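# Report on the structure
Below, each chain spelled out in residue letters.
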Amino acid sequence: MADTGSDSSGRAESRKPARSTVKWYWKLAGLLFFGYTILYMSMPVLDSFGIESIRCEVGAARADTSSGGTRGSASTAGVLVETTDCGKIHVAEGVNFDNQAEVAGSFRTGSHYEFDLGWFSRVVTKDIRHGIPSVRDYRLVG
């Protein structure tokens, strides 16, 4: 006799589908990690639109090198500008290791500058602890 999938009393065997053994918190952790990775990779794009200017008084400026990658293997030249009314601002556009001291020295203490910030630097970076917004462009206004 062929097996029809029913037992001797004529009832169909009840089989439950196999359940996933991955716990909900691992799924949540994976989703959060994936979301963070997408956000991190899209930062340059998010910072390239919605550019607005802010006016700040420069208190000090110094050459600064930011490191990233594994064990600080990738370094970027920049200038860290400390303002009296806008906090710290990082300038990297047009700055390299050869001219970063010159660019830092070009900022005049007590003068006002307009700094162009993209959407990500203005909106997201200000809420991140120790986040320093990156400047797209700057100019002396007085």
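Above this note sits the structure.
Sequence order as written defines the numbering, with residues in each chain counted from 1. For a predicted model such as this one, the threshold for reporting local features is a pLDDT of at least 70, and the threshold for listing and counting side-chain atom pairs is 80 or more; totals across whole chains, interfaces and linings nevertheless cover every residue. Values shown for side chains rest on all heavy atoms present in the structure; no hydrogens or waters enter the calculation.

### Focus: the packing of aromatic side chains
- Two rings belonging to Phe, Tyr or Trp (six-membered ring only in the last case) form a pair when the distance between their centres is within 6.5 Å. Interplanar angles under 30 degrees mark stacking, angles over 60 mark edge-to-face geometry, and anything in between is tilted. Scanning all chains against the criterion turns up 9 aromatic pairs.
- Aromatic side chains F49 and W119 sit 6.3 Å apart centroid to centroid with 10 degrees between the ring planes, which places their arrangement in the stacked category. Of this pair, F49 sits in the loop between α2 (43-46) and β1 (52-68) while W119 is found in helix α4 (residues 119-124), placing the two residues 70 residues apart along the sequence.
- Here the aromatic residues F107, Y113, F115 and Y138 are joined through ring pairs into a cluster of three or more. Only runs of H or I of at least four residues qualify as helices and only runs of E of at least two qualify as strands under DSSP, and these elements are numbered from the N terminus.

### With respect to the state of the cysteines
- Working definition: a disulfide is two cysteine sulfur atoms within 2.5 Å of each other. For the coordinates displayed, the defined rule picks out 1 disulfide.
- Here C56 is linked by a disulfide to C86, with a sulfur-sulfur distance of 2.0 Å. Here the disulfide of C56 and C86 is left-handed, its torsion about the S-S bond being about -95 degrees. Taken together, the residues C56 in strand β1 and C86 in the loop between β2 (74-83) and β3 (87-91) connect sequence positions 30 residues apart.

### Details of the pattern of salt bridges
- Whenever a carboxyl oxygen of Asp or Glu lies within 4 Å of a side-chain nitrogen of Lys or Arg, that contact is scored as a salt bridge. Following the criterion strictly, the structure yields 4 salt bridges and no others.
- One salt bridge in this structure joins R139 and D116, with 2.9 Å as the shortest N-O distance. Here D116 lies in strand β4 (residues 112-117) and R139 lies in strand β5 (residues 134-140), a separation of 23 residues in the sequence.
- Owing to a relative accessible area of 31%, R139 belongs among the partly exposed residues under this scheme. Exposure is judged per residue with a 1.4 Å probe applied to protein chains only, and the accessible area is read against the type maximum: over 50% gives exposed, under 20% gives buried, and values in between give partly exposed.

### Concerning the nonpolar core
- Formed by 15 residues in total, the largest nonpolar core has its most connected members in V79, V81, V91, F107 and F115.
- Sorting the residues of this core by element identifies β1, β2, β3, α3 (100-106) and β4 as the ones contributing at least two each.
- Any two residues whose heavy atoms approach within 4.5 Å are treated as being in contact. Beyond its immediate chain neighbours, meaning those up to four positions away, V91 contacts G78, V79, V81, F107, V135 and Y138. What makes a nonpolar core is a set of buried Ala, Val, Leu, Ile, Met, Phe, Trp, Tyr and Cys residues whose side-chain atoms join them at distances within 4.5 Å.

Geometric values such as these leave the question of function open.
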